[in-house]
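# Structural overview for review
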Amino acid sequence: VTELKPSKDVLYTSKIFPLDFIAIQNCLAILQSGSRLQMISEETFKDTKKYIAFLEEHRSTDIYMLPSMYKIRYKQIPDCVKHIYLSAETCVDLPASEKQEVINLYISSETGFCCAQFSCDGRQGNMPLGKPTSKKALLLLGQDNIAVSEAEVGDIYAYLPYTRGYINRPDE
């Protein structure tokens, strides 16, 4: 085992998420990118001082958290953190961060694929879903699954290249 030494070429990442299938996918993606995955105990996460100390000690550059947690801790996040990724809750009335880029991720709950992202800018109200992560990532469909224009109401359809609907449910 080779010890990872701090370097400007290494991305240090801390992510907070429940341990489920999506979490395992996220862990593998972090490791495949050459990053170091930091696992944090629930006790450390719940204690703000311990959490901040953990981020500083491990020089974490990217963290994931719920928008509700961001609202509580955004002023305390250390300078080593460069990106804060938010998802799993609606982003409403988020304060802007002066130190970090805050990114709202729209993730398909069925598969865990990120379909869109929006760089949060401190605006009030609901945050937009943002721009699709690929040209085919999102469609807005009306009745009869026909695409609607930007001004019309419709349902979001997330194009996911590795899935083709629900098992034994060809209509969805």
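The numbering scheme is per chain: residues are counted from 1 as the chain's sequence reads. With pLDDT at 70 or above as the cut-off, local features in this predicted model cover only qualifying residues; side-chain atom pairs require 80 or more to be listed or tallied, and sums for whole chains, interfaces and linings still use all residues. As a convention, hydrogens and water are excluded, and side-chain values are obtained from all of the structure's heavy atoms.

### What to know about the nonpolar core
- For the purposes of this section, nonpolar cores are sets of buried Ala, Val, Leu, Ile, Met, Phe, Trp, Tyr and Cys residues that join through side-chain atoms within 4.5 Å. A 1.4 Å probe rolled over the protein chains alone gives each residue an accessible area, and that area as a share of the maximum for its type sets the label: buried under 20%, exposed over 50%, partly exposed in between. By size, the foremost hydrophobic cluster in this structure holds 20 residues, and its most contacted members are Tyr51, Ile63, Met65, Tyr70, Ile84, Leu86 and Leu94.
- Among the elements of the structure, helix 3 (48–57), strand 3 (62–65) and strand 4 (83–86) are those that each provide at least two residues to this core.
- Strands are runs of DSSP state E lasting at least 2 residues, helices are runs of H or I lasting at least 4, and numbering of each runs from the N terminus. Per-element tally for this core: the top contributor is helix 3, with 4 residues.
- Residue contacts are defined here by distance: any two heavy atoms, one from each residue, within 4.5 Å place the two residues in contact. If sequence neighbours within four positions are ignored, Met65 has contacts with Tyr51, Tyr70, Ile77, Ile84, Tyr85, Leu86 and Ser87.

### Section: helix 3
- For helix 3, the full list of buried residues reads Tyr51, Ile52, Phe54 and Leu55. Considered in projection along helix 3, the buried side chains sweep an arc of 155° and stay on one side of the axis. For helix 3, the exposed residues lying more than 90 degrees away from the buried face are Lys49 and Glu57.
- N or O atoms within 3.5 Å of each other form a polar contact, as long as, within protein, one can give a hydrogen and the other can take it, and as long as residues adjacent in sequence are counted only when both atoms are side-chain atoms. One side-chain oxygen of the residue at the start of helix 3 lies 3.0 Å from the amide nitrogen of Lys49, identifying that residue as Asp47.
- Arg59 sits one or two residues past helix 3 and shows a positive phi near 50°. Starting at the helix axis, one direction is taken to each C-beta atom, and the arc is that of these directions.

### Re the pattern of salt bridges
- When a carboxyl oxygen of Asp or Glu is within 4 Å of a side-chain nitrogen of Lys or Arg, the pair counts as a salt bridge. As enumerated under the stated definition, the model contains 3 salt bridges in all.
- One salt bridge connects Glu43 with Lys50, and the closest N-O pair in it is separated by 2.7 Å.

### As for the packing of aromatic side chains
- Any two rings among Phe, Tyr and Trp, with Trp reduced to its six-membered ring, count as a pair given centres within 6.5 Å; such a pair is stacked if its planes are under 30 degrees apart, edge-to-face if over 60, and tilted if neither. If you walk through the whole model with that rule in mind, you get 2 aromatic pairs.
- Plain terms: the ring middles of Phe45 and Tyr51 are 5.3 Å apart, the flat faces sit at 90° to each other, and that makes the pair edge-to-face.
- Using a relative accessible area of 0% as the deciding quantity, one classes Tyr51 as buried.
- Summarising the aromatic geometry, the rings of Tyr70 and Tyr74 are spaced 5.4 Å apart at their centres and angled 40° between planes, so their arrangement reads as tilted.

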